[in-house]
Amino acid sequence: MDLTLTQEEREVRDWVRTFVTREIMPLEPTVLERERRGERGLTLEELRGLQAKARESGFFGVLTPEEHGGMGLGALMAALIEVELGRSFVQFKFGGDADNILFAANDEQQERYLRPTIEGEKVSCFAITEPGAGSDARNIRTRAVRDGDEWVINGEKTFITGGDVADFALVFAVTDVEKGADGGVTCFIVDRETGWTSAPIPTMGEWGPASLSFQDVRVPHSAILGEEGRGFELAMRWIGQGRYLLPARALGACERLVEMAMEHAQNRETFGAPIATRQAIQWMIADSAVEIEALRWLVLGAAWQVDAGIDSRQSQSMAKLYGGVKANEIVDRVLQVHGGMGYTRELPVERWYRELRVLRIYEGTDEIQRRTIARNLLAGHASVRGHLG
Ligand SMILES: Cc1cc2nc3c(=O)[nH]c(=O)nc-3n(C[C@H](O)[C@H](O)[C@H](O)COP(=O)(O)OP(=O)(O)OC[C@H]3O[C@@H](n4cnc5c(N)ncnc54)[C@H](O)[C@@H]3O)c2cc1C
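Rules used in this analysis
- Residues numbered from 1 in each chain as written.
- Predicted model: local features only at pLDDT ≥ 70, side-chain atom pairs only at ≥ 80, totals over all residues.
- Helix = DSSP H or I, 4+ residues; strand = E, 2+ residues; numbered from the N terminus.
- Rg over C-alpha atoms; globule rule 2.2 N^0.38 Å.
- Buried ≥ 20, exposed ≤ 12 C-beta atoms within 10 Å, placed from the backbone.
- Contact = placed C-beta atoms within 7 Å.
- Near = placed C-beta within 6 Å.
- Nonpolar A, V, L, I, M, F, W, Y, C, P; charged D, E, K, R; others polar.
- Domains from an automatic or database assignment.
- Pairing = 2+ DSSP bridges.
- Expected span 1.5 Å × (residues − 1).
- UniProt positions renumbered as here; feature names shortened; annotations may be inferred.
- Axes fitted to C-alpha atoms, helices over the stretch in contact; angles between N-to-C directions.
- Parallel < 35°, antiparallel > 145°, perpendicular 65-115°, else oblique.
- Core = buried A, V, L, I, M, F, W, Y, C linked by C-beta atoms within 7 Å.
- Left-handed = near helix turned anticlockwise from the far one by under 90°.

1. Points about the overall build of the protein
Of the regular secondary structure elements, the protein holds 12 helices and 10 strands. Taken over C-alpha atoms, the radius of gyration comes to 22 Å for the protein, in line with the 21 Å a tight globule of 389 residues would show. Of all 389 residues assigned to the protein, the portion counted as buried reaches 40%. Within the protein, residue pairs in contact and separated by at least 24 positions form 70% of the contacts whose partners lie at least 6 positions apart.

2. Observations regarding the site of the ligand
In the neighbourhood of the ligand, 21 residues make up the surrounding shell, with Thr129, Gly134, Ser135, Thr365 and Glu367 lying closest. When residues of the shell around the ligand are traced back to their parent elements, those giving at least two are strand 1 (124-127), strand 3 (150-161) and helix 12 (366-378). When its residues are assigned to classes, the shell around the ligand shows 11 nonpolar, 6 polar and 4 charged. Built from parts of two domains, the shell around the ligand gets at least three residues from each of domain 2 (122-233) and domain 3 (241-378).

3. Here's the deal with the pairing of strand 5 (residues 185-191)
With respect to burial, strand 5 is a largely interior element, 5 of its 7 residues being buried. With 7 bridges joining them, strand 4 (residues 168-174) and strand 5 adopt antiparallel strand pairing. Bridging across to strand 5, Ala169 finds its partner in Val190. Across 2 bridges, strand 5 lies against strand 8 (residues 224-225) in antiparallel orientation. Looking at strand 8, one finds that Cys187 is bridged to Leu225.

4. A closer look at helix 4 (residues 75-86)
Spanning 12 residues, helix 4 covers 16 Å between terminal C-alpha atoms, matching the ideal 16 Å at 1.5 Å per step. In terms of residue burial, helix 4 counts as a mostly covered element, since 12 of its 12 residues are buried. Inspection of helix 4 places Ala75, Leu76, Met77, Ala78, Ala79, Leu80, Ile81, Glu82, Val83, Glu84, Leu85 and Gly86 among the buried residues, and these make up the whole buried set.

5. Some details on the environment of Met204
With respect to the helices, strands and loops of the structure, Met204 is situated in the loop between strand 6 (197-200) and strand 7 (209-220). Judged by local crowding, Met204 falls into the exposed class, with 9 C-beta atoms found within 10 Å. Considering only alpha carbons, one finds Met204 and Glu33, 171 residues apart in sequence, at a separation of 17 Å. Apart from residues lying up to four places away in sequence, Met204 is in contact with Arg354 and Arg357.

6. A closer look at the UniProt feature "domain: Acyl-CoA dehydrogenase/oxidase C-terminal" (unreviewed entry) in the protein
In the numbering used here, UniProt assigns the "domain: Acyl-CoA dehydrogenase/oxidase C-terminal" (unreviewed entry) feature to residues 229-378. For residues 229-378, the end-to-end C-alpha separation is 30 Å, with 75% helix and 3% strand making up the annotated structure.

7. So, the packing of helix 4 against helix 8 (residues 279-308)
Two elements in contact, helix 4 and helix 8, have axes separated by 7 Å at closest approach and are oriented at 150°. When the axis of helix 4 is compared with that of helix 8, the two are roughly antiparallel. Contact residues: Ala75, Leu76, Ala78 and Ala79 in helix 4; Val299, Leu300, Ala303, Trp304, Val306 and Asp307 in helix 8. When the residues that make up the contact of helix 4 with helix 8 are grouped by side-chain class, the tally is 9 nonpolar, no polar and 1 charged.

8. Here's the deal with unusual backbone geometry
Not every positive phi belongs to a glycine, and Asp216 is a case in point at roughly 50°. Note on placement: Asp216 falls in strand 7. Taking the number of C-beta atoms within 10 Å as the measure of exposure, Asp216 has 11 and is therefore exposed.

9. A look at the domain arrangement of the protein
Parsing the protein into structural domains produces domain 1 (7-99), domain 2 (122-233) and domain 3 (241-378). Taken together, the 15 residues of domain 1 in the interface contact 21 residues of domain 3. Broken down by secondary-structure element, the contributors of at least two residues to the side of domain 1 that touches domain 3 are helix 2 (28-36) and helix 4. Top contributing element to the side of domain 1 that touches domain 3 by residue count: helix 4, with 9 residues. Of the residues in the side of domain 1 that touches domain 3, the class split is 8 nonpolar, 2 polar and 5 charged.

10. A short note on the nonpolar core
One finds Ala78, Ala79, Tyr244, Leu257, Val299 and Ala303 to be the most contacted residues of the largest nonpolar core, which totals 61 residues. When contributions to this core are tallied by element, the ones reaching two or more residues are helix 1 (7-24), helix 3 (44-56), helix 4, helix 7 (245-267), helix 8, helix 9 (313-337) and helix 11 (349-356). For this core, the domains that each give at least three residues are domain 1 (7-99) and domain 3 (241-378). Here Ala78 is in contact with Val62, Leu63, Leu73, Leu245 and Ala303, once residues within four sequence places are set aside. The next biggest cluster of nonpolar side chains, apart from the first, holds 40 residues, and it includes Leu102, Leu212, Val217 and Leu225.

11. Some details on the packing of helix 9 against helix 11
Here helix 9 crosses helix 11 at 160°, and the two axes come no closer than 9 Å. Classified by the angle between their axes, helix 9 and helix 11 sit roughly antiparallel to one another. With respect to the hand of their crossing, helix 9 and helix 11 are arranged in left-handed fashion. Side by side, helix 9 and helix 11 meet where Ala327, Asn328, Val331, Asp332, Val334 and Leu335 of the first sit next to Val349, Glu350, Trp352, Tyr353 and Leu356 of the second. Its residues assigned to classes, the contact of helix 9 with helix 11 comprises 8 nonpolar, 1 polar and 2 charged.

12. A word on helix 3
If you check helix 3, its first and last C-alpha atoms are 18 Å apart, about what 13 residues at 1.5 Å a residue would give, namely 18 Å. Backbone geometry just after helix 3 places Gly58 at a positive phi near 90°.

13. Thoughts on the pairing of strand 2 (residues 143-147)
In terms of strand pairing, strand 2 meets strand 3 through 5 bridges, oriented antiparallel. Among the inter-strand pairings, Arg146 is bridged to a residue of strand 3, identified as Trp151.

What follows is the structure in C-alpha cells.
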C-alpha cells in the first residue's frame, strides 16, 4: 500500500498552498475587519479578481470535466485542494465549478445555465430544505401543478445557501402527491425573473443562507431538470457530490488553528514558564494532532473511493461526521489555549468557532450521518472492518 502523493498531486497541492499563502492570507486582516462591521469579507470584485488570477495558471473548474473547460481533477485532488483553502477563513473558492446535476441537463439547459455558471456569469442555489422538512427531506410540501405547457410552483424553502444572490434556483417540488419522494418529486430550474423572492437569514456564522418564497411562480415545462418525478434522486446525487469536501475544508482550518495554538503556547508565559511546557496544554495539542491525522485519512479514504468508483457513502458519512465533531472540539481547545484572547474579536479563533459549528448541521446533521452509518452496518451494506475487509 503506497500512501505517498504522486508528483502531480504534490505539485497541485503545493501550487494551491502557495496561492493561499501569497494571495489569500494577506487579505485576512481586511476581511476580518469588514466582517466585524457586518460587511461581506471578500467583495465580489475581489473574489472574481483572485479567481481570474488563478485561472491564468490553469486553476479553473477543479471538478468540472475537461470537455466543459475545467480541470477534471478527481476527488482526491479536490480534497487536497480543499484542505489548503480551508487553512484560511477567507471565503475563497476557485472559479469554474457548477452543481454536478447541471452536467446532466439537456443541451439547451446546459447552454443557458451550466455554461454561464461555470463562467461565473450566473449564480445558482440548491433548494430542497423547507420550514417543515430538513433532515426529513422526503417530506417536502412545495407543490408544482401542471397548467398546459407550464407549471405553477407554490411553497417556501429555507436555509438556502446563496439563495439571496442566486440568478436561478434548483427547486425541488412535489408533482405527484401520491408518489411523493418515490417518483413524485421533480426538480425545476427556476429563474429569479419568474418572481420568486428571497430574504437573508442571519446566522451565527458568516455564511448567510436565505429563505425563498414561491407564490404562483410559473415556469415552462422545459424548466424541468432531468425527468419529471425523478427529482429526489437528483437531490440525493447533488448532496452526495462531495460530502468529503466539507470535512476537508475543516481539516485545513484545524491544521492552521493548532499551529496558532502551538505558537501562542510557546510565547505565552504564566508562572515563569511558557504554557507549552504544561501537560494540560500539551495534551490538548496532542489530542488535536491525532484527531487531525485520523480525519485526514478518513477524508482521503473517502475521496479515493469516489475516484475508484467504489460505493463511498459510508466513508463519506464517516468523514463528515468525524470532521464536524472533531473540528468543533479542536477549535474549542485552541480557543482555550489562547485564554481570554481566544474569546476576543481581535483573533479569528472565535470566528472559526462560530463557522465550524454549521458543519454538524448542514448536508446531513451528525445524527443523520450516524443513522446512515448504523443502518448500513445493520443491513450488511457495510462492515466494521471497513473497505479493506
Ligand atoms: C448555513 C446553512 C446552509 C444550508 N444550505 C442549504 C442549501 O443550500 N440547500 C438546502 O436545501 N438546505 C440547506 N441547509 C439546510 C440543512 O441541510 C438543514 O438545516 C439540515 O438538513 C437539518 O434540517 P433541519 O434544520 O430542518 O433540522 P431537523 O431536521 O428539524 O432536525 C433537528 C434536530 O433533530 C435531529 N434529528 C432529525 N431527525 C432525526 C432522527 N431521525 N433521529 C435522530 N435525530 C434526528 C437532527 O439531527 C437535529 O439535531 C442549510 C442549513 C444551514 C444551517
